[in-house]
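Report on the structure
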Amino acid sequence: MESQNVKGTKDIFNKEAEMFEYVETVMKSIAATYGFKDMRPPLLEHSEVFSRAVGESSDVVRKEMYTFLDKGGRSLTLRPEFTAGIMRLIVQNKLYATEDLPIKAYYHGPVFRYERPQLGRYRQFNQFGVESVGVNSYFHDVEVILLGYITLLNLGFEGLKLKINTLGDDESRTNYKNALKAFFEDKIANMCEDCKQRYEINPLRILDCKVPADQEIVKSAPKMRDYLSKESQIRFNHVLQELEQSGIEYEVDDTLVRGLDYYSETVFEFHFVSDKGVNYGAIGAGGHYDKLVKEMGGPSLEGVGFSFGIERVVSVMQDNNLFEGILSDQSLDAYIIPMDPLYNTNALDVALALRANGYRVEVPYDGGKVASLIKKANRKGARIAIFIGEEEIRSDSLSIKDLKFNKQENIALGDLLTYVDEIFNEHECQCKNEEDKGEQCCCKQKDKE
Ligand code: AMP
């Protein structure tokens, strides 16, 4: 049996799982302040959802999709991104007719791309993103960019770089593609096989080429800005002005065309370079689109969205100590030790009573020496150990040891919650003056206010 994980996938567990949870919680809560709501399309879609939306000329569709025939002979694909599935969901459920526009969705979960695995590049990775669908005003582009930017700032990213460009409207892109075709006409024979295909299907994609020799040629290719329609130029200027107004620094990057075919007008990427000069590349990206909903069989609605790669966000945060002091304490509160398997049922009862009141509790039902069980309780960070033995059962009581102060007391079973609550809500006196300490101390009074 193969016991290794599949190449390009990653096990996420223990502390790292807490990090993912933290990052996703922050992202969700900030997206909610912009009015975005949870949307969960399935992981599997009919392959044509992606080939139609993401585009036949994109690398994702041409080379990277996990596509297979199911037992009924249908061609299905594990989602390589979320936007197409969200559009399919909106159209199929006619949300554009039943919901107020714009429809604002956030999503998160795994996506799959058959890429060459390397640092920060996986075949299964997680994305968190948003889509705002049914929008006309360029302010929606601005809001979505602000949301992404502010989310990363909240996570502690200092040194964030927003790269932005415009792909213009249909007219601008047609003119630009023609200019690219003319430019590459006498060069394409010497370029890579992929570029030859890109030249035929969509010359814009040549600008994404990673082959160094081709990248050199691309450097002197015509620039989108020289082919923008007046309307697109004005729209882009407005977006930039609003970003400046909001105090967001940006860099207009002519070469930014995004690898997915559905974008029009504004496109952007969030890049990060650490204090130490490590360049982590794009940790999130997105843009505006105008044909996706129609492509899925719906009305002609525009939209804008972006997605973060959560693995990249987490790894930047790990490398730059951005998790320090912010992960919630997951340690145990109580460890209940039955002194004999006979008392396992009693231990379970006590555990349930404490858990019902929000305490984190475990019981070592498989037994062991008391000394080693106490060590285990300490390793798990438990504040108290509760012993249940013959004497406790006979007298309807429990022996509770405060592991922090190494103090043990026997209490009546009926006093369990009051006693435990007191330990956990204990007041740690901050008073400088010894005489102030005790019941009437000033900081205790402050706590009550
Ligand atoms: P995209 O859907 O291609 O616009 O990618 C959005 C974000 O997902 C990128 O900015 C990356 O942070 C992340 N990402 C894309 N591809 C990968 C990958 N193969 N492995 C890990 N993260 C990725």
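In this report, we go over the structure that sits alongside the text.

The rules behind each value
- Residues numbered from 1 in each chain as written.
- Predicted model: local features only at pLDDT ≥ 70, side-chain atom pairs only at ≥ 80, totals over all residues.
- Heavy atoms only, no water.
- Helix = DSSP H or I, 4+ residues; strand = E, 2+ residues; numbered from the N terminus.
- Buried < 20%, exposed > 50% of the residue type's maximum accessible area, 1.4 Å probe, protein only.
- Contact = heavy atoms within 4.5 Å.
- Areas by Shrake-Rupley, 256 points an atom, 1.4 Å probe, with all protein chains shown as cover.
- Lys, Arg positive; Asp, Glu negative; His and termini not counted.
- Charge placed at Lys NZ, Arg CZ, Asp CG, Glu CD.
- Near = heavy atom within 4 Å.
- Polar contact = N/O pair within 3.5 Å; in protein donor to acceptor, adjacent residues only side chain to side chain.
- Nonpolar A, V, L, I, M, F, W, Y, C, P; charged D, E, K, R; others polar.
- Salt bridge = Lys/Arg side-chain N within 4 Å of Asp/Glu carboxyl O.
- Disulfide = S-S within 2.5 Å.

With respect to the overall build of the chain
Assigned secondary structure in the chain consists of 17 helices and 16 strands. For the chain, the spread of C-alpha atoms along the three principal axes comes to 95 × 60 × 50 Å. Burial analysis of the chain (449 residues in total) assigns 48% to the buried set. Long-range pairs, those at least 24 residues apart, make up 69% of the contacts in the chain with a sequence separation of at least 6. Put simply, the chain shows about 23500 Å² of open surface, and 48% of that area lies on carbon and sulfur atoms. Side chains of the chain carry 56 positive and 73 negative charges; the gap between the two charge centres is 4 Å.

Some details on the site of the ligand
In the vicinity of the ligand lie 15 residues, with R113, E115, Y122, Q127 and R258 positioned nearest. One of the side-chain N or O atoms of R113 is found 2.7 Å from an oxygen atom in the ligand. The side chain of Q127 places a nitrogen or oxygen atom 3.2 Å from an oxygen atom of the ligand. Expressed as a share of its isolated accessible area of 490 Å², the protein-covered part of the ligand is 93%. For the shell around the ligand, the secondary structure elements donating two or more residues are strand 6 (124–133), strand 10 (279–289) and strand 11 (303–309). Looking at which element gives the most residues to the shell around the ligand, the answer is strand 10, with four residues. Across the shell around the ligand, the residue classes tally to five nonpolar, five polar and five charged.

With respect to the pattern of salt bridges
With the rule as written, the count across this model stands at 28 salt bridges. Between R235 and D141 there is a salt bridge whose closest N-O contact spans 2.8 Å. Within this pair, whereas R235 is found in helix 10 (residues 230–245), its partner D141 is found in helix 6 (residues 139–154), the two being separated by 94 residues in sequence. The exposure class assigned to R235 is buried, which follows from its relative accessible area of 12%. We classify D141 as buried; its relative accessible area is 1%. A salt bridge links D170 to R173; the shortest N-O distance between them is 3.0 Å. Of this pair, D170 and R173 both sit in helix 7 (residues 170–184), separated by three residues, roughly a single helical turn. For R173, a relative accessible area of 11% puts it in the buried group.

Description of the state of the cysteines
Taken as a whole and judged by the stated rule, the model has zero disulfides. Unpaired in this structure, C192 has its nearest cysteine sulfur neighbour in C195, at a distance of 3.7 Å. Under the relative-accessibility criterion, C192 is labelled buried at 18%. Take C195: it sits in no disulfide, and the sulfur closest to it among the cysteines is that of C209, at 3.6 Å.

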